[in-house]
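Chain by chain, the residues run as shown.
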Amino acid sequence: MKKILLINPPVSIYINKTAFIPLPLLILGTCLKKIKENGADILYELIDLDFMLKQGIFPDSADFYNQSSNFILKKKPDILLFTVHGVNHLVTLKLAEKIKNKRPSCITVVGGVGPTLQAKEALNKCPQIDLIVKGEGETFIQHFIPSALNQCDFSDIPSIVYRKNGQIMENQRIDLNNNEPITKPDYSLVCIEDYIAHNKKHPYIHPGFVLIESGRGCPYKCTFCAPAKMWRSKVRYRPIPEIIEEMKYLASKGGNFTFFTQDNLEENFLIRLSNSLIEENKNISWGCYSRLDRLPDDIIDLLSKAGCKLIFTGIETPNRIAQKEIRKVINTSNTFEKIQKFNAKGIKIIASFIAGFKDESDEDFNFTMRFANECATGLNTEQLNQYIRTTDHDKLPTKGTNICSIHPLCHMPGTDSFNKEKINLHISKYSLHPDCHGSFLFSYEEFKDDWSYLGINPYLNHLPEDKVRYFCSILRLFNLLNSRPYYLALLLRKFKFSPLALMKEIVSQLGEEFVLSANIYNFEESTRRYVKKHLEFVPEWTVKKGQ
Ligand code: B12
Ligand code: SF4
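Every chain is numbered on its own, with residues counted from 1 as its sequence reads. The lettering of chains begins at A and the numbering of ligands begins at 1, in the order of writing. Selection of residues for local features in this predicted model requires a pLDDT of at least 70, selection of side-chain atom pairs for listing and counting requires 80 or more, and totals for whole chains, interfaces and linings are taken over all residues.

For the purposes of this entry, the term helix denotes a DSSP run of H or I that reaches at least four residues, the term strand denotes a run of E that reaches at least two, and both are numbered from the N terminus. Of the regular secondary structure elements, the chain holds 23 helices and 17 strands. For the chain, the C-alpha radius of gyration of 24 Å lies close to 24 Å, the compact-globule estimate for 547 residues. Residue pairs qualify as contacts under a 7 Å threshold applied to their C-beta atoms, which are placed from the backbone. Partitioning the contacts of the chain with sequence separation of at least 6, the portion at a separation of at least 24 is 76%. We compute the radius of gyration over the C-alpha atoms and compare it with the globule rule, which gives 2.2 Å times the number of residues raised to the power 0.38.

We now examine the sheet that holds strand 15 (residues 403-408). Two strands qualify as a pair provided DSSP detects at least 2 bridges between them. Pairing is parallel in the open sheet, where 6 strands are placed in the order 8-11-12-13-14-15. Every other strand in the sheet has two partners, leaving strand 8 (209-212) and strand 15 as the edge strands with one partner each. In this sheet, adjacent strand axes meet at a mean angle of 20 degrees when their direction is disregarded. Pairing geometry for strand 8 and strand 11 (residues 257-260), over 4 bridges, is parallel. Note that in strand 11 the partner of Leu 211 across the bridge is Phe 259. All axes are obtained by fitting lines to C-alpha atoms, using only the stretch in contact for helices, and the reported angles, taken between N-to-C directions, cover 0 to 180 degrees. Helix 10 (residues 240-252) rests against strand 8 and strand 11 of the sheet, and its axis sits at about 155 degrees to strand 8.

Another aspect to go through is unusual backbone geometry. Positive phi, close to 65 degrees, is recorded for Glu 316, a residue that is not glycine. Look at Lys 496: it is not a glycine, yet its phi comes out positive at around 55 degrees. Mapped onto the elements, Lys 496 comes out in the loop between helix 20 (485-495) and helix 21 (499-510).

For each residue, a C-beta position is placed from the backbone atoms; the residue is near a molecule or strand when that point lies within 6 Å of it. If you check the shell around ligand 1, you find 38 residues, and the closest are Val 11, Gly 86, Gly 111, Gly 114 and Gly 137. Within the residue set of the shell around ligand 1, elements represented by two or more residues are helix 1 (23-37), strand 3 (79-83), strand 4 (107-111), helix 5 (113-117), helix 7 (137-149) and helix 9 (226-230). When residues of the shell around ligand 1 are assigned to their parent elements, the largest contribution, 4 residues, is made by helix 1. The domain limits used here are those given by an automatic or database domain assignment. Residues lining the shell around ligand 1 come from more than one domain, with at least three contributed by each of domain 1 (2-170) and domain 2 (203-312 + 319-338).

Another aspect to go through is the domain arrangement of the chain. On domain assignment, one finds that the chain holds domain 1 (2-170), domain 2 (203-312 + 319-338) and domain 3 (347-425 + 462-547). The centre of domain 1, based on its C-alpha atoms, is set 38 Å off from the matching centre of domain 3.

Every residue lining ligand 2 is accounted for by Cys 218, Tyr 220, Lys 221, Cys 222, Cys 225, Pro 227, Ala 228, Asp 263, Asn 264, Arg 291, Gly 314 and Lys 328. For this classification, Asp, Glu, Lys and Arg are treated as charged, while Ala, Val, Leu, Ile, Met, Phe, Trp, Tyr, Cys and Pro are nonpolar and the rest, including Gly, are polar. For the shell around ligand 2, a count of residues per class yields 6 nonpolar, 2 polar and 4 charged.

Glancing now at the sheet that holds strand 1 (residues 2-8). Strand order in the open sheet made by the 7 strands is 2-1-3-4-5-6-7, with mixed pairing throughout. The sheet is open, and its two edges are formed by strand 2 (42-48) and strand 7 (167-170), each paired on a single side. On average, adjacent strands in this sheet sit at an angle of 20 degrees to one another, irrespective of strand direction. Relative to strand 2, helix 1 is tilted by about 170 degrees, and along the sheet it contacts strand 1, strand 2 and strand 3.

A few words on the environment of Phe 514. Within the secondary structure layout, Phe 514 lies in helix 22 (residues 512-517). Exposure classes come from backbone-placed C-beta atoms, where a residue is buried if 20 or more other C-beta atoms lie within 10 Å of its own, exposed if 12 or fewer do, and partly exposed in between. Phe 514 sits in the partly exposed class, given 14 other C-beta atoms within 10 Å. Separated by 131 residues in sequence, Phe 514 and Gln 383 have C-alpha atoms that sit 34 Å apart.

A few words now on the pairing of strand 13 (residues 308-316). The buried fraction of strand 13 is high, at 7 of 9 residues. As judged from the 4 bridges shared by strand 12 (residues 285-289) and strand 13, these two strands associate in the parallel manner. Across the sheet, the residue bridging to Gly 287 is Leu 310, located in strand 13. Looking down the strands as they point away from you, a crossover is right-handed if its path from the first strand over the helix to the second goes clockwise. Chirality of the crossover, the property in question, places the unit of strand 12, helix 12 (residues 300-305) and strand 13 among those that are right-handed. Note that strand 13 and strand 14 (residues 348-355) share 6 bridges and pair parallel. Paired with Glu 316 across the strands is Phe 353, a residue of strand 14.

Most of strand 12 is tucked away: 4 of the 5 residues are buried. When strand 11 meets strand 12, the two strands line up parallel, connected through 3 bridges. Paired with Phe 259 across the strands is Gly 287, a residue of strand 12. Assessed by its sense of winding, the connection that carries the chain from strand 11 through helix 11 (residues 267-280) to strand 12 is right-handed.

Our focus in this paragraph is the environment of Leu 49. Within the secondary structure, Leu 49 is located in helix 2 (residues 49-54). Once the C-alpha coordinates of Leu 49 and Ile 7 are considered, the two residues, 42 residues apart in sequence, prove to be 7.0 Å apart.

Between helix 19 (residues 465-482) and helix 21, whose axes approach to 10 Å, the crossing angle comes to 100 degrees. One finds that helix 19 runs roughly perpendicular with respect to helix 21. Taking contact as the criterion, the partners of Ser 473, Ile 474, Leu 477 and Phe 478 in helix 19 are, on helix 21, Pro 499, Met 503, Ile 506 and Val 507. Here the contact of helix 19 with helix 21 is composed, by residue class, of 7 nonpolar, 1 polar and no charged. Here the angle decides the label: under 35 degrees means roughly parallel, over 145 means roughly antiparallel, 65 to 115 means roughly perpendicular, and every other value means oblique.

Right, let's talk about the nonpolar core for a bit. If you look at the biggest cluster of nonpolar residues, it comprises 145 residues, and the most contacted ones within it are Leu 6, Leu 81, Val 109, Ile 132 and Ile 160. Ranked by residues supplied to this core, first place goes to helix 19 with 9 residues. Not counting residues up to four positions away in its chain, the partners in contact with Val 109 are Ile 79, Leu 80, Leu 81, Phe 82, Asp 130, Leu 131 and Val 133. Core membership is restricted to buried Ala, Val, Leu, Ile, Met, Phe, Trp, Tyr and Cys residues, and these are joined into a nonpolar core through C-beta atoms within 7 Å.

Turning to helix 3 (residues 63-74), a few remarks are in order. What a helix is expected to span follows from its residue count: subtract one and scale by 1.5 Å. With 12 residues, helix 3 should reach 16 Å at 1.5 Å per residue; the first-to-last C-alpha distance of 17 Å fits that figure. Positioned one or two residues after helix 3, Lys 76 has a phi angle of 50 degrees, which is positive.

Within the fold, Phe 224 resides in the loop between strand 9 (215-216) and helix 9. Phe 224 gets classed as buried once you count the C-beta atoms within 10 Å, which come to 21. With sequence-adjacent residues up to four places away left out, Phe 224 is seen in contact with Ile 326, Leu 409, Thr 415 and Ser 417.

So this is what it looks like as structure tokens:
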């Protein structure tokens, strides 16, 4: 009998304690269930270390590794299946190392987007990992379990990178074929009510926020996009009745705000989904990722009637040269009006922008900031000024209608932009501030030698160090101020400054080093003091990720 543990390593606790039900492991669980039903001698269990950390069962400190590895070792596992998401690869590696040292026979396997994109390079750097799985986990599991039960010969197992006689071997990636449905998650592996109850106290976007897979993939090939590589620009959707069943099931447990994990829901699918939801009349709210430039205006009313409350979209940059460089050309001349139309129907927009392109001018940077501020309030500069003139300043809304933030251009290992810039890349201390992925479990110190490529390295940059500092300090300040976009507009009006000039002025007052390195609470406090001095009132303001 083989003991298999499905492990969700922890992610950020610093700002947000939301615990997301680990979908990839529930999907692998469904596959294991079938294999067991067919007679395989296995026992399996899901261990959500992320949730346990957020519940306070394990400490958010270096001792986490001792306590959690001992907990795992007591279960005497034969196979560990780790899912890597974003930056938790560092935790995965440390844990795997501790476990391997004490139980060398245990097979350690990792999968996820990051590992897929640089599987060979990563395995080479990570002796504590035995197998890296590329792409979908389903086909791999079907072949791997019988082999692990028998002779442990991995040469016929699809989608893996593994070691054989000290050599790194790579087998062909095989995803589900077009006739095979995307696997349903096995929710019996977790106690959904516990997650929902926890998240009601620590909400992300909405207290009943739950993730559902509507399908996989997006047809575009933006150069910076990891999912474009992960899903190879192939789009598949799950049957709509099955998706709605899952929405209803989770809603019955309190998860009444569905967010779809697929990277870009397209018009045709959204129309079909919306019509079915309207027919069902279940009043479940939902949100998704989508390209606004590909959605016609006449879909907005339908989406709103179907319960859509939120669209997360990548506007990236209004700068045409940069748009061509990242292969995402959007006509931004009507983006703003479109956002207003969505807002008028009760649909909020979370928009993501990028700055820090090599030849970006101050003018471009300014334009992106002004645009992000307008999108956040849903008012253009003229309307914003008019609104500010006619409203008591201490009665201005504390939050914007939408959430807009600008990110430094980040090269995720394995993406086209990474491959193009590879020789110019360096690990900069400042590329991304710890707030963005914050955890006491890892920091720049741990990433600074990390070229394993198993997950995202948030400190990889293509600009010279002084430019990185410049962009990152300004962006950190801009994003904080833009979380209160009316106050930012007020400051801009008062000083008659461009956004960039205002940011530079405040950064010089606070000190660049402070802006870049202070923890979020001190940073917010000092910025509030600055705002108060110039606006003569203290805005309500407590930064929380995902608010
Ligand atoms: C939903 C989501 C979130 C949510 C929820 C996170 C959560 N814990 O569930 C939120 C918004 C909170 C989030 C946060 C972040 N995310 Co995120 N997120 C996603 C998103 C959109 C979907 C993930 C998902 O659930 N997919 C559905 C599941 C079923 O698919 P899957 O995980 O890929 O699993 C399949 C395979 O990968 C494989 N597999 C996965 N694990 C394993 C394990 C084994 C053993 C095997 C065999 C197979 C296997 O099998 C599964 C089924 O086929 C992806 C984009 C994407 N489309 O992948 C980004 C993505 C994974 N996130 C990403 C990032 C960077 C982050 C952040 C770091 C962002 C930030 N700056 O703060 C944070 C940090 C999270 C962290 N670990 O600290 C990047 C990772 C890039 C990379 N190269 O590693 C992605 C790809 C987005 C992107 N545009 O680049 N994220
Ligand atoms: S449209 Fe979005 S999800 Fe699709 S490839 Fe571009 S960035 Fe990625």
